[in-house]
Amino acid sequence: MWQRGWRNQLWSQLDRPWDIVIIGGGITGAGILHEATRQGWRALLVEQRDFAWGTSSRSSKLVHGGLRYLREGRVGLTWASVQERERLLAERPGLVERLAFSWAVYEDDHPGRWVMQAGLSFYDLVASGRRRPAAGRRRSPAQTSFLDPHHFLLRAPHLTQEGLAGGFQYADAETDDARLVLRVIREAVSAGGSALNYVVAEQLLYRDVEADSSPSAESKIQNPKSKIAGVRLRDNLSGGTADVFAKVIINATGAWADRLRQQAGGPPRIRPLRGSHLLFPIWRLPVAQAVSFPHPFDGRPVFIFPWEGVTLVGTTDVDCHEPLDDEPAITPDEVAYLMAAVEGRFPSLHITLDDVLSTYAGVRPVIGTGAADPSEESRDHVVWEENGLLTITGGKLTTFHLIAQDALAAGRDRLGIGEREKPPSPELHAKPLSYVRGLDEGARRRLLGRYDNEAAGLVAAAGPGELACVPGTHTLWAELRWAARMEGVVHLDDLLLRRVRLGLLLPNGASTHLPRIRQICQDELGWDDGRWQAEETAYLSLWRRCYSLPDRAAIPDWRGRLAEVSSRRRAERRLRQQQERRSRWAILLTFLALVVAVVFLLGRRPKPSPER
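Here the structure is a predicted model, which means the values were calculated and not measured.

Concerning the overall build of the protein chain
Helix and strand counts for the protein chain come out as 19 helices and 19 strands. Residue pairs at least 24 apart in sequence account for 73% of intrachain contacts in the protein chain once pairs closer than 6 positions are excluded. Just so you have it, the protein chain exposes about 27400 Å², and 54% of that area is on carbon and sulfur atoms.

Printed below as a string of structure tokens:
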């Protein structure tokens, strides 16, 4: 699949009849392609950059039930998210894995312990009440518990003890988001779907709804009797164009959704929000599981957890005013915000900017309502139909399957009940790889999770020594060869930032390993020396610009504000303790006064006369 020459072959077939054209190659578009192909529709997906280039390779890597949304009263979103989390854990082991979470509770936190307890109990209830698990798989047990400060610190030993009231232990899940997108797309392509990266939807095309369906009835300008029925595509590599028509055109471009919607006459509705992250060597910021806590500045949830052999810290939630076509990057203010969270809660580790391995930022497609605080905007997904264009946006990585079902349900009237193609029967089980020497059980599980039925082919394609891990990571050298040969890599950043994640996991974007990467991948990609050198130069420039720290001189001093906040909270805590002591003394003195008064009154009662 996607061997050399595949793009030209598919491009030459775009004039075939399509049921659905999906614009956008993130998790939403991937999920729609997967579900449409499973139902037998002839579906095409196009993506203007690389698959998962946007939000879906830059998420927080969590497949979670949205505990924060429960606090905001979004019970339905939390319910659906927990159900989908459990489904993904059951269906995609090795790619979606359970992650233990510890939520630290401090004395002055809001919400307090009992509100958190209620929310986590709901988490357990939904997880244990999901639909019947697959044969041989047990339900996930309830795992929520409250730990006193001593036992909580055993799970997060470097966390500051000042003001710690204890914490909760519960479970969510994590994934490699870009690999999840790619696996979902490749499963769809294996079942008969089609997908092209680096193809932009340049212009929406209209068809007169009162005319017949012959080519002469196609109108490429909007008029009152026309509906959107196609799209003009441009190949960003060759410059070629093609007009493609389908029963349903779906806009799944996420934060870019308003561009196509405005062509369809829709008003702007998307509020792009940026979320940024820092990555550290795991030895420098050691956590055995996820630790979450309110940020010391504003109380927003912050998490720190182990991911792919490093430690990930996130996330911010701010309006993105930069052009969406520019590669997003963390800002100096966001660096200071995340560093304040790390230093404020892990002061004994003395973390500095020198410890940062890499950074990344993503832009979330959130439906704008005018809320002053970006974090208060809804994360629910929406479906809009405008002049024949079906737009689906918003939502969460976790619920992509439900989003896809809603999109297809919205287009069902136009799809009708015509002839569907019968998708090929997929292999039910991937080969277990137990025959491969040198791979431990964890490596086998990881390969099967990421590559499923292609894992055996990846192992067979490995050259000498390529089943070893790239030093400092869980990635096999063989994964680079397979990606270059079979996974539609167009640029070097496709390979190092999305097919594998070496650009995030290793210092300086894995620059010291580029000679061996070139040795493995150059021939597979068919690049001559000039092309490789140009790609390497462009990749390193991109990494320095968007995946490393910004100019340090521009990063605000978070330590001064952190010291001020800490001092104020200590003073508030002391004042509160003094007030509590005064209250206790007042209660005690009142009680003693009552006792004295009762004794006094009892002593003044007249004594009964003795009987004669």
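So, the packing of helix α2 (residues 27–38) against helix α10 (residues 400–410)
Between α2 and α10, the shortest axis-to-axis distance is 8 Å and the interhelical angle comes to 65°. In this structure, α2 meets α10 at a crossing whose hand is right-handed. Within the contact between the two elements, α2 uses I27, T28, G31, I32, E35 and A36 and α10 uses F400, H401, I403, A404, Q405, A407 and L408. Looking at the contact of α2 with α10 residue by residue, the class counts come to 8 nonpolar, 4 polar and 1 charged.

Looking at the side chain of R87
Here R87 shows up in helix α4 (residues 75–91). Looking at R87, the relative accessible area reads 7%, which means it is buried. Polar side-chain contacts of R87 include one of 2.9 Å to the side chain of E84.

Digging into the nonpolar core
Among the nonpolar cores identified, the biggest contains 64 residues, and L14, I20, V21, I32, I185 and L233 are the most heavily contacted of them. Per-element accounting of this core gives the leading share, 8 residues, to helix α7 (residues 177–190). Excluding residues within four positions of it along the chain, I20 makes contact with A36, W41, R42, A43, L44, A246, V248, I250, L408 and L415. Within the second largest apolar cluster, 48 residues are counted, among which are L312, L505, L506 and A510.

Here we look at the packing of aromatic side chains
Evaluation of the coordinates by the stated rule reveals 8 aromatic pairs. With centroids separated by 5.7 Å and ring planes inclined at 45°, the aromatic side chains of F303 and F305 adopt a geometry described as tilted. For F303, a relative accessible area of 9% puts it in the buried group. One aromatic cluster is present, built from ring pairs that chain together W2, W6 and F51. The ring of W53 carries the charged tip of R49 above its face, separated from the ring centre by 4.0 Å. Over the aromatic face of W384 sits the side chain of R269, whose NZ or CZ is 4.7 Å from the ring centroid.

A short note on the confidence of the model for the protein chain
Model confidence for the protein chain is summarised by a mean pLDDT of 88, while 87% of its residues fall at 70 or above. Note that residues 131–142 has pLDDT below 50 and, in this model, 15 contacts with residues that lie over four places away or in other chains. Segment residues 212–222: pLDDT under 50, and 21 contacts once partners within four positions in sequence are set aside and those in other chains are kept.

What counts, and where the lines are drawn
Residues numbered from 1 in each chain as written. Predicted model: local features only at pLDDT ≥ 70, side-chain atom pairs only at ≥ 80, totals over all residues. Heavy atoms only, no water. Helix = DSSP H or I, 4+ residues; strand = E, 2+ residues; numbered from the N terminus. Contact = heavy atoms within 4.5 Å. Areas by Shrake-Rupley, 256 points an atom, 1.4 Å probe, with all protein chains shown as cover. Axes fitted to C-alpha atoms, helices over the stretch in contact; angles between N-to-C directions. Left-handed = near helix turned anticlockwise from the far one by under 90°. Nonpolar A, V, L, I, M, F, W, Y, C, P; charged D, E, K, R; others polar. Buried < 20%, exposed > 50% of the residue type's maximum accessible area, 1.4 Å probe, protein only. Polar contact = N/O pair within 3.5 Å; in protein donor to acceptor, adjacent residues only side chain to side chain. Core = buried A, V, L, I, M, F, W, Y, C linked by side-chain atoms within 4.5 Å. Phe/Tyr/Trp six-rings, centres within 6.5 Å; stacked < 30°, edge-to-face > 60°. Lys NZ or Arg CZ within 6 Å of the ring centre and 35° of its normal. pLDDT = per-residue confidence, 0-100.

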